[in-house]
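Structural description and commentary
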Amino acid sequence: MARRRMIQAINEALAEEMARDPRVILFGEDVEISIMGDTRGLHATFGPDRVRNTPICETVMTGMAVGAAAAGYRPVCHMMYGNFLYTGMDAIANQAAKLRYMTGGQIKLPVVYMGVFGAGRSSAAQHSDAMHPMFMNLGGIKVVLPASPADAKGLLKSAIRDDNPVIFLQAAGRGGEAGDVPEEEYTIPLGVAEVKRPGSDVTLVAIGAMVRPALRAAETLAGEGIEAEVIDPRTLMPLDQATIVESVRRTGRLVVVDEARDTCSAASHIVAVATEAAWGALRAAPRRVTVPDVAIPYSPPLEKALLPDPERIAAAVRAILGR
Amino acid sequence: MPSEVNLSAEDLLGLYRRMLLIRRIEERLGEDFKRGDLPGPVHLYIGEEAVATGVCAHLTDADWIASTHRGHGHFLAKGGDPRLLVAEVYGREGGACRGMGGSMHVADFSKGILGANGIVGGGIGLAVGAALAAQLDRKGAVSVAFFGDGAANQGVLMEALNVSALWKLPLVLVCENNGFSEFSPTATVTVGAIADRAKPFGVPSAAVDGNDVIAVWQAARAAVRRARAGEGPSLLECRTYRLRGHVESEASFLQGSYRSDAEVADWATRDPIARLAGYLDQNGLAPASAREAIEAEVAAAVAAAVAYATASPYPAPDQARQFMFA
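Residues numbered from 1 in each chain as written. Chains lettered and ligands numbered in written order. Predicted model: local features only at pLDDT ≥ 70, side-chain atom pairs only at ≥ 80, totals over all residues.

1. Concerning the overall build of chain A
Secondary structure assignment for chain A yields 13 helices and 14 strands. The dimensions of chain A, computed from C-alpha atoms along their principal axes, are 60 × 40 × 40 Å. For chain A, restricting intrachain contacts to residue pairs at least 6 apart in sequence, the fraction spanning at least 24 positions comes to 79%. (Helix = DSSP H or I, 4+ residues; strand = E, 2+ residues; numbered from the N terminus. Contact = placed C-beta atoms within 7 Å.)

Below you can see the structure in the form of structure tokens.
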């Protein structure tokens, strides 16, 4: 194992996949200088054909990725902030998500749209959304949210090799978080959840940046004699329903932590899936720990008041256990 | 017709054949719609055939086109199989897209056809991406974006002009100005000349008579050559006229009319197919019998396409769950 920061792990995944497959190309705003660090050095290594700064033009950029993929390349389209995906939404929702389907499966569309998502850095409402639920609902897009450097690297490599459009969302401001990353070549398949901590009293599903506070909450709860099983779905589309449902059948209790707004959050979907599949095993109504249906505010105490944290997560677990 | 013609009589008859095939296939689809035999909406290209035909005459299967919701003509001009087109519009298993897309999504990637597109301007980004791929491949392929005057008012055109000029992409932007953004006359929703929109980007542009297949052919030749030579994009505004409605069903929901019968009749006198026939006659380039033979050949192709499509079954319902992911 090697110690890597999240941003280094992503950078390694990009470099390794570009070295492995000359059809992988990367473009986006400021990818050459790399303001986030994840594309640093790639322009020097792979040259201006394969790594290009684009103008600020999300509308054509997202469509360009689809056209280049249809014509045989494997573009990684760097969107910088996930909120900018909205600006390029037509090509994602109407072209990328549907072109293979509406042309009867004639083509593969290996596109990765990557960007950062989520709140916690006083970036305010237009740079802090957790937009993964709307992409889950598009149907033709895979949605990947890694929570650790090792997962980020292995999942991004799989996303680039996948023959379908993938939205790869990295938690904003967490690029410096370090973790152990295997030194040898590896990938992590899309659609496979990971049990981050085993437990028998409650299933605690946490998405993306919520995995870390969920694990902290689980530690606190363990001190109170409550064993929470923490599951990171890692990809939301496809969703590893089997791992979640199996756990809920065992524990009889479910809490889902999601940084998205409450209405139609990924948490809402996961609760619905588990409730339908494991109704007979449930010993209490599942709970969601989400962000209220408001935009993300700027001032730190306001932002903190909205985001799920270990205390809120632990409180939800205690409540579902009647403690 | 332009004075300088670089086309042989054989070339001209080839253009005539292609335009006539588009016309007769679409006339048939219009009749099918009127009888209530088509499951969905169709947007016919009748009157605009010279544009797709004159441009695609310069392209091979290795070149790319992105098309519009009015896309049957582009599909056929780029070498798409009329049987696959008709079967697709009929919603059959044997269609170009196995019945998954219908009229607004006919595509054949093996022929370089990225597809018709139900989003106005939606094909422009795809064409830019294919142009980037062609540039990286370094095999001299080009990419053509067909779009209408309506799409010229979408922001994506400005983004496409900027990035394609910046990167010298092998792209030809072909605006088919057919006089209407759906039901709004173009002049009521558009300021200035569309061809002029390329000027601030340093992109060469031309406004051509879109009902003159020879003029379109000549302008497209220059633009395609420039793209193949690595000199970057061009914009052609082909001024034509939509002889049919926006959509064949429009009489069922429109209350007023948005144009006069006299205007339509006036443009019908400039029909691109009749014009080319007249040119061939006046210049003694082909005997009437040659055109009659083409008419018979096209009629047979239409009949074969309809027979193929009619014989093709509807897809099995479980196909609705396929193709979302590779």
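What follows continues from the structure just given.
2. Focus: the sheet that holds strand E6 (residues 205-209) of chain B
Residue and element names in this part refer to chain B. Taken in spatial order, the five strands make up an open sheet running E1-E2-E3-E7-E6, and their pairing is parallel. Strand pairing shows two members of the sheet lacking a second neighbour, strand E1 (64-66) and E6, which therefore form its edges. Adjacent strand axes in the sheet meet at a mean angle of 20°, parallel and antiparallel pairs treated alike. Bridge count between E1 and strand E2 (residues 143-148): three bridges; the pairing is parallel. Paired with Ile65 across the bridge in E2 is Val144. (Pairing = 2+ DSSP bridges. Axes fitted to C-alpha atoms, helices over the stretch in contact; angles between N-to-C directions.)

3. Describing the sheet that holds strand E5 (residues 112-117) of chain A
Residue and element names in this part refer to chain A. Spatial strand order, E3-E2-E4-E5-E7-E6-E12: seven strands in an open sheet with mixed pairing. Looking at the sheet topology across the chains shown, the edges are occupied by strand E3 (51-53) and strand E12 (235-237). Direction aside, the axes of adjacent strands within the sheet are offset by 20° on average. Sheet strands in contact with helix H3 (residues 58-70) are strand E2 (24-28), strand E4 (74-81) and E5, and its direction is about 160° off that of E4.

4. Quick look at the confidence of the model for chain B
In this model, chain B carries a mean pLDDT of 97, and residues with pLDDT of at least 70 account for 98%. Prediction confidence for the complex, expressed as pTM and ipTM, is 0.97 and 0.96 respectively. (pLDDT = per-residue confidence, 0-100.)

5. Details of the interface of chain A and chain B
Each partner contributes to the interface: chain A provides 35 residues, whereas chain B provides 35 residues. Elements with a minimum of two residues in the side of chain A that touches chain B: H3, helix H5 (89-96) and helix H6 (99-102) of chain A. Examining the composition of the side of chain A that touches chain B, we find that ten residues originate from one element, H3 of chain A, more than from any other.

6. Regarding the domain arrangement of chain A
Residue and element names in this part refer to chain A. The domain architecture assigned to chain A consists of domain 1 (2-181) and domain 2 (194-320). Contacts between the two partners involve 23 residues from domain 1, matched on the other side by 23 residues from domain 2. Elements that contribute at least two residues to the side of domain 1 that touches domain 2 include exactly helix H7 (132-136), strand E6 (142-144), helix H8 (149-161) and strand E7 (166-171). Residues of the side of domain 1 that touches domain 2, tallied by class, amount to 15 nonpolar, five polar and three charged. (Domains from an automatic or database assignment. Nonpolar A, V, L, I, M, F, W, Y, C, P; charged D, E, K, R; others polar.)

7. Structural notes on the packing of helix H1 (residues 9-34) of chain B against helix H11 (residues 288-311) of chain B
The relative placement of two packed helices is expressed as an angle between their axes plus a distance between the axes. All names here are of chain B. At a minimum axis separation of 9 Å, H1 and H11 run at an interaxial angle of 40°. As far as their axial angle goes, H11 and H1 are oblique. The hand of the H1/H11 crossing is right-handed. In contact with Leu13, Tyr16, Arg17, Leu20, Leu21, Arg24, Ile25 and Arg28 of H1, H11 contributes Ala290, Arg291, Ile294, Glu295, Val298, Ala299, Ala301, Val302, Ala305 and Val306. The class makeup of the residues in the contact of H1 with H11 is 13 nonpolar, no polar and five charged. (Parallel < 35°, antiparallel > 145°, perpendicular 65-115°, else oblique. Left-handed = near helix turned anticlockwise from the far one by under 90°.)

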